[in-house]
Structures are given as C-alpha cells and as structure tokens.
Amino acid sequence: LGDVELTARYQLPNAGPDRPFYVLWLRYKTRTGRDLFEVVTDCVTRCVANATGTGLPLDLPTGSGFSAIQPGITWLYASDPVVFFGSLSYLHNFEREDVSRTVLTGAPEGFPQTTTEPLGTVEAGDIVGFNFGMGLALNERAALSFGYDQSIVGRTQQNGEDAPGAVRVVLGTLVLGASYRLGDRTSLSVALGVGVTRDTPDVTL
C-alpha cells in the first residue's frame, strides 16, 4: 500500500459555449506507505571490505514520508476539432519532527549491524507544477494529444536549514498521447513522456 490520496473537484459555472471551463481541485495525500525513514539505509562510510556505502535506501519505499496538501486549477477550452488544456498547482509538504532513520554500520559479525541516526525536523520541498497542451480529434474514435508538464521542487529543509546536498529540482516532460475508443465504455490510451530536463527520466511510457 502506498500513500492514500483524497481529491475533491468543483467545476465553475460556464458562461457560454465559447468560454473555457475551469475546474478547481484540492488533493490531500496521507503517509500510509512505508516511507524513506522506515527502510534500512546503506552506510556512507566503510561498509563491507573497506568499500564505501551509497547512503541510499536498500529497499524501495512505497510512500514519500510526508503528508501533503495540493490545491490547483485546470482549464479546458474547446475549439472544434481541438481542445486546449492546462493546469496550475502548488503542493505543500507538512514537516515532521523527531525523524530518525536506520543505517547500516558496516561493523563485523558479532557487533550491531544497524544504528539509529536522528535527523530532527525534516520538511520536504514544496512543488510548483503546471502543464499545458492540446487534444486533437482525428475522427469520432481516434484522438491525439500533445502537452508539456513541469514541476519545480524546492530544497528539503532539515532543522530549519537546507539539508546537506539539497538542491532545487526542475522536472520537465514532453508528453505525446493517443487514444482510440474501442466501444461505448472502453478506450485504449497510450502516452509517451520524453524528459527535457536533467533530473527527469529520459523516457516514460
């Protein structure tokens, strides 16, 4: 189980057929998933046979470790056969106090293999996100979409200061999509994401 999320949406009244639609939404994310601080972290100093550890989690966490709230607005404007769309959002991560993690010590057999490392108060960086694009209907069944999605992730704070090695991250993705309506209740959709910034995955499908 990952982080359970709840989202509420409200569509503002539309003034006319030639005006855009606006949808306000509010998302709340819990931290029900097993987070970064609950899995064992590789040591940073000497670990095994004088090799240096990575300092990274040894298991993949299923949650972010932080509760968060995210308001946003989405707009859509139809200009047959094209629909233009876009959204703007802001995600705020709530800080956590008395945070600690379990780290490998690299000690030989017979000695404690892990130790608890206190981290204090930690707040993950907030995220400003936006996207825009267009959907093009080819016929009554097939459509293509082209869009761009970007998120700006702020620096993580530890005890009121930037965490060691914390940097601001910009994630930009060019998204190409296609959909085909197989029936009244079924559609087949595929989306290809191409990373255009350094910290973004090169390809997502």
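Note that the coordinates shown come from a computational prediction; the quantities given were computed from them, not determined experimentally.

Reading the values: the criteria
- Residues numbered from 1 in each chain as written.
- Predicted model: local features only at pLDDT ≥ 70, side-chain atom pairs only at ≥ 80, totals over all residues.
- Heavy atoms only, no water.
- Phe/Tyr/Trp six-rings, centres within 6.5 Å; stacked < 30°, edge-to-face > 60°.
- Helix = DSSP H or I, 4+ residues; strand = E, 2+ residues; numbered from the N terminus.
- Buried < 20%, exposed > 50% of the residue type's maximum accessible area, 1.4 Å probe, protein only.
- Pairing = 2+ DSSP bridges.

Participant: What is the right way to read the packing of aromatic side chains from this model?
Facilitator: The relative placement of two aromatic rings is captured by the distance of their centres and the angle of their planes. Under the definition given, this model contains two aromatic pairs. Taking 6.0 Å as the distance between ring centres and 80° as the angle between the ring planes, the aromatic pair formed by phenylalanine 37 and phenylalanine 66 counts as edge-to-face. Residue phenylalanine 37 is found in the loop between strand E2 (21-29) and strand E3 (40-41), and its partner phenylalanine 66 is found in the loop between strand E5 (51-52) and strand E6 (68-79); the two are separated by 29 residues along the sequence. Measuring from ring centre to ring centre gives 5.9 Å for phenylalanine 132 and tyrosine 148, while their planes differ by 45°; the resulting arrangement is tilted. Placement of the pair is phenylalanine 132 in strand E10 (residues 127-137) and tyrosine 148 in strand E11 (residues 142-153), with a sequence separation of 16 residues. According to the relative accessible area criterion, phenylalanine 132 is partly exposed, its value standing at 46%.

Participant: Just checking my understanding: could you explain unusual backbone geometry for this structure?
Facilitator: Glycine aside, a negative phi is what most residues show, and trans is what most peptide bonds show. Looking along the chain, the bond that leaves aspartate 80 and enters proline 81 is cis, with omega of 10°. Positive phi is not limited to glycine here, since asparagine 159 has a value of about 55°. Looking at where asparagine 159 falls in the secondary structure, it is placed in the loop between strand E12 (157-158) and strand E13 (161-162). Classification of asparagine 159 as partly exposed rests on a relative accessible area of 48%.

Participant: Looking at this structure, I do not really get the sheet that holds E2. What am I missing?
Facilitator: In sheet architecture, strand pairing relies on hydrogen bonds along the backbone and comes in two forms, parallel and antiparallel. Ordered in space as E1-E2-E6-E7-E10-E11-E14-E15-E16, the nine strands form an open sheet in which the pairing is antiparallel. Of all strands in the sheet, those bounded by a partner on one side alone are strand E1 (5-11) and strand E16 (203-204). When E6 meets strand E7 (residues 82-93), the two strands line up antiparallel, connected through ten bridges. Considered in E7, the bridge of threonine 74 is made with serine 87.

Purely spatial values, then, with no claim about function.
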